[in-house]
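Structure at a glance
Here's the letter readout for the chains.
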Amino acid sequence: MSCSTLIIQGNSVLPRNLNPKSKNLIHSNRRRREVISVLQKCKHINQLRSLHAKILRNAQEQDPFIVFELLRLCSKNNFIDYAYNIFRTVRTPNVYLYTALIDGFVFNGLYFDGFRLYCLMVDDSIVPDNYAVTSVLKACGFQLGLKQGREIHGQVIKLGLSSNRSVKMKLIEVYGKCGEFVDARQVFDEMPEQDLVASTILMSCYFSYGLVEEGNDVFNLLRIKDTVCWTAMIDGLVKNGEMNKALELFREMQMKNVKANEATIVCVLSACSQLGALELGRWVHSYMEKYKIKLNHIVGGALINMYSRCGDIDKAQKVFDDMKERDVSTYNSIITGLGMHGKSIEAIEMFRVMIKRGFKPNSITFVGVLNACSHRGLVDLGFEIFHSMVKDYEIEPQMEHYGCIVDLLGRVGRLEEAHSFIQRMKTGPDHIMLGALLSACKTHGNLELGEQVAKTLLDCGKADSGTYVLLSNVYASSGRWSEAAKVRAEMKEGGIQKEPGCSLIEVNNEIHEFLLGDIRHPQKEEIYNKLEEIENKLRSSEGYLPSTEMALQDIEDWQKERALAIHSERLAICYGLISTEPNTTLRIVKNLRVCNDCHSMIKLVTKICKRKIVVRDRNRFHHFENGVCTCGDYW
């Protein structure tokens, strides 16, 4: 049946014993339902326009129920301009039509327009109901409109809507998102005890401001917790850097027999990624398969990212290959992962496959592929891809893209060119970009430019602990010990703390943390005995001598050797050697760049111990095996 036939004929059969008025009413209701049913099948703006035109042509007056559905469908399908034009044709819109359009504005991110329409409704003497209030408070929450939120709160009290649960929850959300926790807590405390949804909202707001203890207190007070509540708590811990606690909570969630959903899985995989907890990540993957959690582009991307960041790039590639549903973010995950593991050619090829299959790369894609070029020293190709951003895809380069080019030039020693590139940028460089250039100056021994870059960082107030340490190391590597000592003294006087080296290793599903010279571990004696045994073997069988020039301090050589020997990654490796079966691959995650001496030492360890060792440092992955590293000593 065509749309016009449906509206004009409305071929319904009515009972004979009804009076004409009742027949017309039933006939009208049936026709309305049929029109709405057809409306809901429209997927394109042209279909909605065509059907709307027929409705107007065959009706003396617009049916508010049909108009409501039109507004809802236009908004849902991002035809908000057409929805607004429909609304303007209604002579006397009621509160439901106002609410439908306010919802549409909010759904399409036009929060101020939603608030403005609400004010227009009030000015037209139309009394808001709880649905209208809830909708406009949603707009206030998204745009952090505290002043508007307070204004609406005052109206809520006057309208007698203070006891409405939905309104209260939106008020908690507005105050919480704006950081007004006294007000948020006051509204929360007025609600019935143990309201699960309200508690989850308040927890999430606390976490967004880094108030982990407060969020945890709300969570612990709940006697009954659903999947959404557990997920919000895990997500809050992850976002605040409490990865171990997040994983502990996930284990507790399983013990309570609460089934995880897709959002939970993504949060837990993120924690595994950051900790390098491969075994737990594998268990989460098997959990997904057991409970048939769909491998969509969101979960799949998180899984690829987990395997990549935990050192198993082959498994990440397999997950990608097995996925039936992919999007740009999925490709971004695998391209970034391949680049991190030094598989630059494969990353670039994946980038080309992505484009060939009709996926348009975004800003994140280009960061991943430019990093891949940097790890391989592919300068010409890197510039070609960089220029294609604007030329072929109309993507304006951001600081991250400029930083990739500076890093690329710095790694191959084209320092003056990198510096000139920075000076030609439309925007000033950030501390990360200048830090990368300063690090390259140290690597390639360009003291003059290193001093210049460091001065720029110091003068513009962008210097952090890394700046001082790098500058000090630049001086020290040139034998200028007094200048190096002066920089470190300035750092100390300014109360700037050097980020301590930290390495993590997962053994038997537990994460073990080691700092420089760490003596906290219960098995410290065995660890240091193993360290001494390894060093003696390396010296006697491989002729290993520590590269004491890496210990950039004006101290005796034996002291430098000792300083190198207790680097955190060495302690983690020794713990792995005494705690795992022979031939087990050791996977280390380090927060800083691995030093040259540790890199050389780890290569030899894999040779004499017949082990494969995977190290993720700040820059990339290193896969050590049989005395060789996949980075080719270029990192």
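Let me sum up the structure you'll find in this document. (Residues numbered from 1 in each chain as written. Predicted model: local features only at pLDDT ≥ 70, side-chain atom pairs only at ≥ 80, totals over all residues. Heavy atoms only, no water.)

**Points about the overall build of the chain**
Rules: In this description a helix means any DSSP run of H or I spanning at least four residues, a strand means any run of E spanning at least two, and both kinds are numbered starting from the N terminus. Here a residue-residue contact requires only that any non-hydrogen atoms of the pair lie within 4.5 Å. Here, Shrake-Rupley sampling with a 1.4 Å probe gives the accessible areas, and only protein chains in the shown set may cover a residue. Neither His nor the chain ends is counted toward charge; the positive residues are Lys and Arg and the negative residues Asp and Glu. Here the site of a charge means NZ on Lys, CZ on Arg, CG on Asp, or CD on Glu.
Counting secondary structure elements, the chain contains 33 helices and six strands. Here the contacts in the chain between residues at least 6 apart in sequence split such that 63% fall between residues at least 24 apart. Carbon together with sulfur atoms contributes 50% to the accessible area of the chain, which is approximately 31,700 Å² in total. The average position of the 80 basic charges and that of the 76 acidic charges among the side chains of the chain differ by 9 Å.

**Some points on the sheet that holds strand S2 (residues 510-515)**
Going by this rule: A pair of strands counts as paired when DSSP detects no fewer than two bridges linking them.
Spatially, S2-S1-S3-S4-S5-S6 is the arrangement adopted by the six strands of the open sheet, whose pairing is mixed. One side of each edge strand has no neighbouring strand; the edge strands of this open sheet are S2 and strand S6 (628-629). Bridge count for strand S4 (residues 613-616) against strand S5 (residues 621-625) is four bridges, and the pairing is antiparallel. Pairing of Val-615 across the sheet is with His-622, part of S5.

**Here's the deal with the packing of helix H15 (residues 243-255) against helix H16 (residues 262-275)**
To be explicit about the condition: Working convention: axes come from line fits to C-alpha atoms, limited for helices to the stretch in contact. Angles between N-to-C directions cover 0 to 180 degrees. An angle below 35 degrees is read as roughly parallel, one above 145 as roughly antiparallel, one from 65 to 115 as roughly perpendicular, and any other as oblique. If you view the pair so one helix is near and one far, a crossing is left-handed when the near helix is turned anticlockwise from the far one by less than a right angle, and right-handed when it is turned clockwise.
Their axes nearest at 9 Å, the elements H15 and H16 cross at an angle of 140°. Judged by the angle between their axes, H15 and H16 are oblique. For the pair H15 and H16, the crossing hand works out as left-handed. For the pair H15 and H16, the contacting residues are Met-243, Asn-244, Ala-246, Leu-247, Phe-250 and Met-253 in the first and Thr-264, Val-268, Ala-271, Cys-272, Gln-274 and Leu-275 in the second.

**Observations concerning helix H19 (residues 313-322)**
Three- or four-residue spacings in an α-helix give side chains the same orientation, since the helix completes a turn every 3.6 residues. Basically, it comes down to this: Whether a residue is buried, partly exposed or exposed follows from its accessible area with a 1.4 Å probe, protein chains only, as a fraction of its type maximum: under 20%, in between, or over 50%, in that order. Working note: the arc is built from the helix axis to C-beta atom directions.
For H19, the full list of buried residues reads Ile-313, Ala-316, Val-319 and Phe-320. In a view along the axis of H19, the buried residues occupy a sector of 115°, so they form one face of it. Residues of H19 that are buried sit in contact with helix H17 (278-290), helix H18 (297-309), helix H20 (328-340) and helix H21 (344-356).

**Considering the environment of Val-453**
For Val-453, the position within the fold is in helix H27 (residues 447-459). For the pair Val-453 and Leu-471, spaced 18 residues apart in sequence, the C-alpha to C-alpha distance is 9.2 Å. Discounting chain neighbours no more than four positions away, the residues touching Val-453 are Leu-434, Leu-437 and Leu-438.

**Looking at the packing of aromatic side chains**
Going by this rule: What counts as a ring pair is set by centres within 6.5 Å for rings of Phe, Tyr and Trp (its six-membered ring), and what kind of pair is set by the plane angle: stacked under 30 degrees, edge-to-face over 60, tilted for all other angles. The criterion for a charge sitting over a ring is simple: Lys NZ or Arg CZ within 6 Å of the ring centre, and within 35 degrees of the ring normal.
Counting across every chain of the model gives 19 aromatic pairs. Seen in terms of ring centroids, Trp-283 and Tyr-287 are 5.5 Å apart; in terms of plane orientation they differ by 35°. Their pairing is tilted. In this pair, Trp-283 and Tyr-287 are both assigned in helix H17, four residues apart and thus about one turn of the helix distant. A relative accessible area of 39% places Trp-283 in the partly exposed class. In this structure an aromatic cluster arises from ring pairing among Phe-250, Trp-283, Tyr-287 and Tyr-291. The ring of Phe-142 is capped by Lys-177, whose NZ or CZ atom sits 4.5 Å from the centre of that ring. Across from the ring centre of Phe-219, 4.8 Å away, lies the NZ or CZ of Lys-225, which sits over that ring.

**A few points about the pairing of strand S1 (residues 502-507)**
Most of S1 is tucked away, with six of its six residues classed as buried. Burial along S1 is two-sided: the face carrying Cys-502, Leu-504 and Glu-506 and the face carrying Ser-503, Ile-505 and Val-507 are both buried. By the bridge criterion, six bridges tie S1 to S2 in an arrangement that is antiparallel. Each bridged residue has a counterpart across the sheet, and for Leu-504 the counterpart in S2 is Glu-513. Adjacent in sequence and paired antiparallel, S1 and S2 are bridged by two residues, among which Asn-508 carries a positive phi angle near 55°.

**Brief notes about unusual backbone geometry**
The phi torsion at Glu-394 lies on the positive side, around 55°, for a residue other than glycine. You can see Glu-394 is positioned in the loop between helix H23 (379-393) and helix H24 (399-411). The backbone phi angle of Asn-626 is positive, close to 50°, even though this residue is not glycine. Its place among the elements puts Asn-626 in the loop between S5 and S6.

**As for the nonpolar core**
Applied cut-off: By convention a nonpolar core is built from buried Ala, Val, Leu, Ile, Met, Phe, Trp, Tyr and Cys residues, the set being connected through side-chain atoms within 4.5 Å.
Formed by 160 residues in total, the largest nonpolar core has its most connected members in Ile-152, Ile-234, Ile-265 and Phe-421. Residue contacts for Ile-152: discarding those within four places in its chain leaves Phe-115, Tyr-118, Val-133, Val-136, Leu-137 and Cys-140. Of all hydrophobic cores here, the second largest spans 31 residues; its members include Ile-505, Ala-572, Cys-574 and Leu-577.

**So, the pattern of salt bridges**
The condition is simple: Should a side-chain nitrogen of Lys or Arg be within 4 Å of a carboxyl oxygen of Asp or Glu, the pair is scored as a salt bridge.
Applying the stated criterion across every chain yields a total of 25 salt bridges. The salt bridge partner of Lys-177 is Glu-173, with a shortest N-O separation of 3.5 Å. On the criterion of helical spacing, the pair formed by Lys-177 and Glu-173 is a turn pair, its members being four residues apart in helix H10 (residues 165-177). Under the relative-accessibility criterion, Glu-173 is labelled buried at 18%. With its nearest N and O atoms 2.8 Å apart, the salt bridge here joins Lys-318 to Asp-322. With Lys-318 and Asp-322 both in helix H19 and four residues apart, the pair spans about one turn of that helix. Residues joined in a network through salt bridges with shared partners are Arg-150, Glu-180 and Asp-183.

**Overview of the packing of H24 against helix H25 (residues 415-423)**
Spelled out, the test is: Residues are sorted three ways: Asp, Glu, Lys and Arg are charged, Ala, Val, Leu, Ile, Met, Phe, Trp, Tyr, Cys and Pro are nonpolar, and all the rest, Gly among them, are polar.
Look at H24 against H25: their axes get within 8 Å of each other, and the N-to-C directions meet at 165°. Classed by the angle they form, the pair H24 and H25 counts as roughly antiparallel. Seen along the crossing, H24 lies across H25 with a hand that is left-handed. Residues Tyr-402, Ile-405, Val-406, Leu-409 and Gly-410 of H24 form the contact with H25, whose participating residues are Leu-415, Glu-417, Ala-418, Phe-421 and Ile-422. Grouping the amino acids of the contact of H24 with H25 by side-chain chemistry returns eight nonpolar, one polar and one charged.

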